[in-house]
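Architecture and fold: a report
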Amino acid sequence: MASNLKSAKKLMVFLGKSMIAFLETMIFIIIPRPRKNVAGEIVLITGSGSGLGRFLALKFAHLGSVLVLWDINEEGNEDTCRMVREAGAPRVYAYTCDCSQKENVYRVAEQVKKEVGDVSILINNAGIVTGKSFLDCPDELLEKAFDVNFKAHLWTYKSFLPAMIANEHGHLVCISSLAGLTGINKLADYCASKFAAFGFAESVFIETMAQKLKGIKTTIVCPFLMKTGMFEGCSTV
Ligand SMILES: NC(=O)c1ccc[n+]([C@@H]2O[C@H](COP(=O)([O-])OP(=O)(O)OC[C@H]3O[C@@H](n4cnc5c(N)ncnc54)[C@H](O)[C@@H]3O)[C@@H](O)[C@H]2O)c1
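Residues numbered from 1 in each chain as written. Predicted model: local features only at pLDDT ≥ 70, side-chain atom pairs only at ≥ 80, totals over all residues. Heavy atoms only, no water.

As recorded in an unreviewed UniProt entry, the chain goes by the name Epidermal retinol dehydrogenase 2, listed as coming from Leptonychotes weddellii. UniProt lists a comment for the chain under the heading Sequence similarities (unreviewed entry), and it reads "Belongs to the short-chain dehydrogenases/reductases (SDR) family." (UniProt positions renumbered as here; feature names shortened; annotations may be inferred.)

Set out below in structure tokens:
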């Protein structure tokens, strides 16, 4: 009987909190939240040499952020760098970095700290897709998907989170995917790596709450299909 009452109480609390969250969402749809001012923030975007990374770089340039662009593709990244400069970013720095290589990330991160300063917004966006059935996918490609889509996030957080904590100012952004929320045919490695990225980013968020860290924001983005070329020819039907 006592345990039934306890369960009922927990259910009521859950329903009450859900109702408050729902009302809050409705209110913020009608009265939009004030936008965060990112002018002057040092924004690092991985995978900035094309697609979503380039798009985000241009958006931040328009908003007056200092941009740090990382990509394994030097040419694409230089193109983004030029576009961002033309779009009016106060300062932009491009680095060739293979985010799947821990030592590479740590080395380039040190360079950024010396040459640019403390990164205050970190956007883990670099990603790859193999698009093969699990058994047809060679081991090295399965591992690569994890190295780029998930493990790179560990190394970048390790590099830049300590200064954010010390400065009580920072924002960690994880570009996961809809595939980080559900399984998809021929995307076993991609989905697993995106689930991992999601779980990691959410756990770091919980840690920041549990440790009562001040000024650290976190965001997880789970995009649906975007026309960047990554999922060329894919459709939902
Ligand atoms: N395109 C979509 O429909 C879609 C949907 C959901 C999520 N996403 C995610 O959004 C992010 C951006 O994807 P996109 O569509 O712009 O793809 P994209 O292929 O256009 O861009 C990915 C970028 O990451 C870079 N990159 C790849 N491996 C790297 C490495 N080892 N080190 C550094 N950079 C590396 C590439 O050179 C490229 O510039 C990815 O994480 C992707 O998984 C994309």
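Okay, the packing of aromatic side chains next. Scanning the model with the defined rule gives 5 aromatic pairs in all. Each ring, one from Tyr157 and one from Phe200, has its centre 4.8 Å from the other, and the planes form 50°; the classification is tilted. Taken together, the residues Tyr157 in helix H5 (residues 139-167) and Phe200 in helix H6 (residues 188-210) connect sequence positions 43 residues apart. A single burial state applies to Tyr157 and to Phe200, both of which are buried. Taken together, the ring pairs in this structure connect Phe150, Tyr157 and Phe200 into an aromatic cluster. One Lys or Arg, Arg33, reaches over the ring of Phe28 and ends 3.9 Å from the middle of that ring. (Phe/Tyr/Trp six-rings, centres within 6.5 Å; stacked < 30°, edge-to-face > 60°. Helix = DSSP H or I, 4+ residues; strand = E, 2+ residues; numbered from the N terminus. Buried < 20%, exposed > 50% of the residue type's maximum accessible area, 1.4 Å probe, protein only. Lys NZ or Arg CZ within 6 Å of the ring centre and 35° of its normal.)

This paragraph deals with the state of the cysteines. As enumerated under the stated definition, the model contains 0 disulfides in all. Cysteine Cys97 remains unbridged, with the sulfur of Cys99 as its closest cysteine sulfur at 4.4 Å. (Disulfide = S-S within 2.5 Å.)

In this section: the UniProt feature "transmembrane region" (unreviewed entry) in the chain. The feature "transmembrane region" (unreviewed entry), as annotated in UniProt, sits at residues 12-31 in this numbering. A helix fraction of 95% and a strand fraction of 0% characterise residues 12-31, whose end C-alpha atoms lie 28 Å from each other.

All right, on to the nonpolar core then. Core analysis: the biggest nonpolar cluster contains 29 residues, and Trp70, Val112 and Phe160 have the highest contact counts within it. Those elements that place two or more of their residues in this core are strand S1 (42-46), strand S2 (66-71), helix H4 (102-115), H5, strand S5 (170-175) and H6. Element by element, the count of residues in this core is highest for H5, at 7 residues. Those residues in contact with Val112, other than ones at most four positions away along the chain, are Val68, Trp70, Tyr95, Gly117, Val119 and Phe160. Grouped together as the second largest cluster of nonpolar side chains are 18 residues, Val43, Val84, Ile121 and Val173 included. (Core = buried A, V, L, I, M, F, W, Y, C linked by side-chain atoms within 4.5 Å. Contact = heavy atoms within 4.5 Å.)

Between H5 and H6, the least distance of the axes is 8 Å, while the angle of their chain directions is 15°. It follows that H5 is roughly parallel to H6 by the angle criterion. Between H5 and H6 lies a crossing whose hand is right-handed. On the side of H5, the interface is formed by Leu141, Leu142, Ala145, Phe146, Asn149, Phe150, His153, Leu154, Tyr157 and Leu161, while H6 contributes Asp189, Tyr190, Ala192, Ser193, Lys194, Ala196, Ala197, Phe200, Ala201 and Val204. For the contact of H5 with H6, the per-class residue count stands at 15 nonpolar, 3 polar and 2 charged. (Axes fitted to C-alpha atoms, helices over the stretch in contact; angles between N-to-C directions. Parallel < 35°, antiparallel > 145°, perpendicular 65-115°, else oblique. Left-handed = near helix turned anticlockwise from the far one by under 90°. Nonpolar A, V, L, I, M, F, W, Y, C, P; charged D, E, K, R; others polar.)

Positioned with a positive phi, Lys186 is a non-glycine residue whose angle comes to about 65°. Looking at where Lys186 falls in the secondary structure, it is placed in the loop between S5 and H6. By relative accessible area, Lys186 is classed as partly exposed at 46%. Backbone geometry places Lys212, a non-glycine residue, at a positive phi of 50°.

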